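The lines below spell out each chain.
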Amino acid sequence: MAGERRPLLAHGVFRVAGDEGESRRSSSGAAESSRNNPRTLNTFFGVMVPTILSMFSIVLFLRTGFVVGHAGLLQGLLMLGVAYFIISLTILSICAISTNGAVEGGGAYFMISRSLGPEFGGSIGLMFYLAKVCACGVYVLGLVEAILDIFGQDPVVGAPQGIRVLPQGYWFSVLYASLLLLLCLLVCLIGAHIYAKASFIILLVVTVAILSILISPLLVHPQVFTFTHILDNNQTISRNGTYTGFNSSTLNSNLRPGYSLDYSTNRVMSFSTVFAVMFTSCTGIMAGANMSGELKNPSVSIPKGTIMAVVYTFIVYILLFLLISSTCDRSLLINDYGVLQRINIWPPFVIIGVYCASLSAAMCSMIGASRILHALAIDKLFGLPLAPAAVTSRSGNPWVAVLFTWILVQCTVFAGQLNVIAGLVTVFYLLAYAAVDLACLALEWASAPNFRPTFQLFSWHTCLLGMLSCLVMMFVINPVYSSASIVTLLLLLLFLHYRSPTSSWGYISQALIFHQVRKYLLMLDSRKDHVKFWRPQLLLMVANPRSSCQLISFINQLKKGGLLVLGHVQLGDLDMLPSDPVQQQYNFWLSLVDKLGVKAFVDLTLSPSVRQGTQHLLRITGLGGMKPNTLVLGFYDNCYPEDYFLQDPAFCDSSMDGSGFFSSSEGDNFGVDLPSLQAHFPPVRHTESPRSLQPEEYVGIISDAIKMGKNVCLARYFFQVLPEVKGIGMSGISVDNMETIDVWPSNLLSAEGSGSFADVCSLFLLQMACILNMSARWRRARLRIFLCVEADSGDQGWLAKEERFRELLGMLRIRATIKIVAWDRVVRMLRGTDTTAPPSASEEFLSAVNSLLKEHSTSAAVRFLYLPLPPSNSVQSQQYLAQLDAVTQGLGPTLLIHGLTPVTCTEL
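Residues numbered from 1 in each chain as written. Predicted model: local features only at pLDDT ≥ 70, side-chain atom pairs only at ≥ 80, totals over all residues. Heavy atoms only, no water.

Right, let's get into the overall build of the protein chain. Scanning the protein chain from terminus to terminus reveals 29 helices and 14 strands. Evaluated residue by residue, the protein chain yields a buried proportion of 53% over its 908 residues. Sequence separation of 24 or more characterises 81% of the internal contacts of the protein chain that already satisfy a separation of 6 or more. Within the structure as shown, the protein chain displays about 39,700 Å² of accessible surface, and the carbon and sulfur contribution to it stands at 61%. (Helix = DSSP H or I, 4+ residues; strand = E, 2+ residues; numbered from the N terminus. Buried < 20%, exposed > 50% of the residue type's maximum accessible area, 1.4 Å probe, protein only. Contact = heavy atoms within 4.5 Å. Areas by Shrake-Rupley, 256 points an atom, 1.4 Å probe, with all protein chains shown as cover.)

Encoded structure:
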């Protein structure tokens, strides 16, 4: 078969075979990118090193004592356990997703977007980008804090002492942070390869600093330190802190929490605020994943390197917690962020470690954030605002995205203090981690056959627990930030959903919907159907949509939450064709449905005749309990249809999409643009065009449907009602003009037409008219029911029938006006003078019925008429259609209905 020998994946592009137009990058662009930005990093240098450095960063050296001092050892270990438990669950999800296929640049954003689709991917990707931006600001502010601790002037004394030459204050802190950011910007503009080369050296320096901290208690003697701080009201306070060395009393006093005033923010700390600062150290687990575009084998390196880095950092943090709580009293831990420097055998070890770790983490965050922004720009989810971020240098470095990121990080440093924005960073990261867990959970719940990651140490339980843990901890840390971030995420979701970007990534929502719909379809048992819950399930046969748009729109309003299927028969024989032509047409029909704004399915078939194809559709359309129960056909007459595509601006203006907004790319509407949509459907039938459907075949279709137990509707003159186009209000008929919906429940072609007003077919007419009256567009129309009676016959039985009919309408809760129409003169034309002969519908009788309808229903917006049974003899098909044509001639929008299904119920 065609395409059978094509490769599954195109080299370097990671796209499905045959997907030439919607790939994330063209093959030539991917090849160029591959040459300019080769994948050179292995597991150690590409994942382990950046992850370890990001997780150590500023918190290890400047906030470990702060956490133990306020929370105590037990609660500190609890915080550490909770934090690592949350990130461990998230790491399992990251490993699962990253081993389920080829991972390109963009890291966590790439994995989330390709798993959950463009709406979730774009919104969460932007939130994760903001988290990286804020994290970069935290690292820079922490570095400034460390620099001022060594080189800053004493704010109390005011004179430099030793090397304390840097003036201090809010604006000076912002200035120093800006200078450091400028340094980070220069490195990132040159390229990530410089950072990758230097990261190993930085890790060695940080490791030496950590080792010096661990061995210092064995060599440093106990001593007392004095600290002086200024509060907001310019009040100066002095505190003493003691370094005791290893001491059981010190350990015992540090076991329990002792939350007090934080000297940098002048706020009393609590479990949530301390945890927010501590959790900042755990936000680097995706540093390796964010380097996915530079990794030789991301699917192997990301899980292995991330797990090893997390285990290593966890052990180091536990050792430091135990060491600090055993050697320093609480006052020392609370009043000095640089306690690890003071108790070190050689303080410059810690100073160099702080500077290297902080600067490395800041650059890593800026590089990772710029890569996420670059990926967002390439995917074009947010349109023009992010378009410049897609620009790269010749070496493949996204320098514009780096500039954007630098500007935003510059805005965050105006917070002035690390502890101020630590909570915001933590909330953003937790939201991103929850999204990763959600992506993995959705893939697991969808049971998609292609979700088979090589990493197996996860389940939907771990994904769900990880997501819930992240969400709960968000609100524990800061309910205001958490609520604001979730609202922002929902707004971004709505924006992307409204913008409706199309992609070739796949939509997890479709997989989940399929999984659930299949389950519910199996539960929808047709044997349990009850008349109380009946609703129309319509199969509308469409020959050419160019002339049927008005009817499609009207029938869409008639379904009342039921099933609507647009059916079409393509004439042909599959034995004589190389391939099935029907399969290539579905996208065009679905695009038509989108343009019209109707909620309908599409079912197409190939058949030698229209009648046989309609039989196929009536039998096989739908699944389980959702199968059409009513067939709708356009009327068979000799008028030539108009081309609606030439009237509706949605089909005429090629610069606009179906929503009335200018199309942003040729890939919109799943590859079907407006010119190709117009070209696909053939022109409407003209006078010289032969009809593809003969009267006998048309009547045969009606007979077939009735034999199958389907209700039948014939629609005429609906070209007079313009459809309600998506995004456009009611065009054609206004509410004021839709005065009435008229129902004629009598069989007007039968002499016994006035015999019953409440048989199954008559009640079916009433139900359909009532359903139309319940739709939003027709809600203000009045329902009128016309009862044809023989008033001059001397038999007053029709009065009792009318009264019973009124009672029936009351029990059925149908609000309608009953009109009595005397048709004695008309029915006498049908019976003639010879009462023994069977009645025959003469032209005079048909004309009289038509005049009767025009007399009483001229102003109606739509009419519902009783459709007589078709003749059993096909020879009479032409006569049957001629009678229907004569009765409905010039009436306006009319539905001829023959109902076989009981649809009304008076029970509760």
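In total, this model carries 26 aromatic pairs according to the counting rule given. Seen from their ring centres, F56 and Y317 are 6.0 Å apart, and the 70° between their planes marks the pair as edge-to-face. Here Y317 lies in helix 10 (residues 298-327) and F56 lies in helix 2 (residues 43-62), a separation of 261 residues in the sequence. Here F56 falls in the buried class, since its relative accessible area comes to 0%. Here Y317 falls in the buried class, since its relative accessible area comes to 2%. Judged by centre distance (4.9 Å) and plane angle (75°), the rings of Y170 and W171 are edge-to-face. Every member of this aromatic cluster is reached through a ring pair, and the members are F44, F45 and F200. (Phe/Tyr/Trp six-rings, centres within 6.5 Å; stacked < 30°, edge-to-face > 60°.)

Listed in full, the buried residues belonging to helix 20 (residues 586-596) are F588, W589, S591, L592, V593, K595 and L596. Once helix 20 ends, the next one or two residues include G597, with phi positive near 70°.

Now for the nonpolar core. Grouped burial of nonpolar side chains is what soluble globular proteins tend to show. In terms of nonpolar packing, the biggest core is built from 164 residues, with F61, I87, I285 and M286 touching the most fellow members. The residues contacting I285, other than those within four sequence positions of it, are T51, M55, I87, T90, I91, I94, T306, V310 and Y433. Counting residues in hydrophobic clusters, the runner-up holds 65 residues, among them V593, L674, I771 and L809. (Core = buried A, V, L, I, M, F, W, Y, C linked by side-chain atoms within 4.5 Å.)

Here we come to unusual backbone geometry. For residues that are not glycine, phi is negative in most cases, and the peptide bond is trans in most cases. Positive phi, close to 60°, is recorded for K380, a residue that is not glycine. Of note, K380 is situated in the loop between helix 13 (348-379) and helix 14 (399-412). With relative accessibility at 60%, the residue K380 sits in the exposed group.

Bringing helix 3 (residues 64-98) into the picture now. When the terminal C-alpha atoms of helix 3 are compared, their 32 Å separation across 35 residues is substantially less than the 51 Å that a helix rising 1.5 Å per residue should span. Of all the bends found along helix 3, the most pronounced is centred on G72 and spans about 115°. Most of helix 3 is tucked away: 27 of the 35 residues are buried. (Expected span 1.5 Å × (residues − 1). Bend = angle between axes of the 7 residues up to and from the residue.)

Here we take up the sheet that holds strand 6 (residues 564-571). In spatial order, the strands read 7-6-5-8-9-14-13-10-11-12; together these ten strands make up an open sheet with mixed pairing. The sheet is open, and its two borders are formed by strand 7 (601-607) and strand 12 (817-822), each paired with just one other strand. Strand-to-strand twist in this sheet, taken as the mean axis angle between neighbours without regard to direction, amounts to 25°. Pairing of strand 5 (residues 538-541) with strand 8 (residues 630-634) involves three bridges; the strand directions are parallel. Directly across from L539, in strand 8, lies its bridge partner L631. Each of strand 6 and strand 7 is contacted by helix 20, which is oriented at about 145° to strand 7, the strand it contacts most. Lying over the sheet, helix 28 (residues 843-857) contacts strand 10 (740-744), strand 11 (782-789), strand 12 and strand 13 (862-866), oriented at roughly 150° with respect to strand 10. (Pairing = 2+ DSSP bridges. Axes fitted to C-alpha atoms, helices over the stretch in contact; angles between N-to-C directions.)

Looking now at a nonpolar patch on the surface. Taken together, the side chains of I215, L218, L219, F246, I345, W346 and I352 make up a nonpolar region of the molecular surface, amounting to roughly 710 Å² of accessible area. Assignment of secondary structure puts I345 in the loop between helix 12 (339-342) and helix 13. Residue classification places I345 among the partly exposed residues on the basis of a relative accessible area of 36%. (Patch = residues over 30% accessible without salt bridge, like charges linked within 9 Å, V, L, I, M, F, W, Y side chains within 5 Å. Salt bridge = Lys/Arg side-chain N within 4 Å of Asp/Glu carboxyl O.)

This next bit is on the side chain of S98. Inspection of the secondary structure assignment puts S98 in helix 3. The exposure class assigned to S98 is buried, which follows from its relative accessible area of 0%. There is a polar contact of 3.2 Å between the side chain of S98 and the backbone oxygen of C95. Other than its neighbours up to four places away in sequence, S98 contacts V103, M111, S299, I302 and P303. (Polar contact = N/O pair within 3.5 Å; in protein donor to acceptor, adjacent residues only side chain to side chain.)

Under the definition given, this model contains seven salt bridges. Of the charged contacts, one joins D336 and R342 as a salt bridge, the two residues approaching to 2.2 Å between their closest N and O atoms. Look at R342 and you get partly exposed, because its relative accessible area is 31%. Here the salt bridges share partners, and the residues they tie into one network are D637, R716 and D885.

So, about the state of the cysteines. Each disulfide is one covalent bond, formed between the sulfur atoms of two cysteines. In total, this model carries zero disulfides according to the counting rule given. Of all cysteine sulfurs, the one in C136 lies closest to C134, which takes part in no disulfide; the gap is 9.9 Å. According to the relative accessible area criterion, C134 is buried, its value standing at 8%. (Disulfide = S-S within 2.5 Å.)

Quick look at the side chain of T412 now. With respect to the helices, strands and loops of the structure, T412 is situated in helix 14. Residue T412 is classed as buried on the basis of its relative accessible area of 15%. Ignoring any residue separated from it by four or fewer positions in sequence, one finds T412 in contact with V133, C134, G137 and I421.

This paragraph deals with the environment of V531. For V531, the position within the fold is in the loop between helix 18 (508-523) and strand 5. You can call V531 partly exposed: its relative accessible area is 24%. Note: C-alpha distance between V531 and T904 (373 residues apart in sequence) is 6.4 Å.

The geometry of helix 3 relative to helix 16 (residues 460-477) is characterised by a closest axis approach of 9 Å and an angle of 135° between their N-to-C directions. Looking at the two axes, helix 3 sits oblique to helix 16. By crossing handedness, the relation of helix 3 to helix 16 is classed as left-handed. Side by side, helix 3 and helix 16 meet where V82, F85, I86, L89, T90, L92 and S93 of the first sit next to T462, C463, L465, G466, S469, C470 and M473 of the second. Of the residues belonging to the contact of helix 3 with helix 16, the class tally is nine nonpolar, five polar and no charged. (Parallel < 35°, antiparallel > 145°, perpendicular 65-115°, else oblique. Left-handed = near helix turned anticlockwise from the far one by under 90°. Nonpolar A, V, L, I, M, F, W, Y, C, P; charged D, E, K, R; others polar.)

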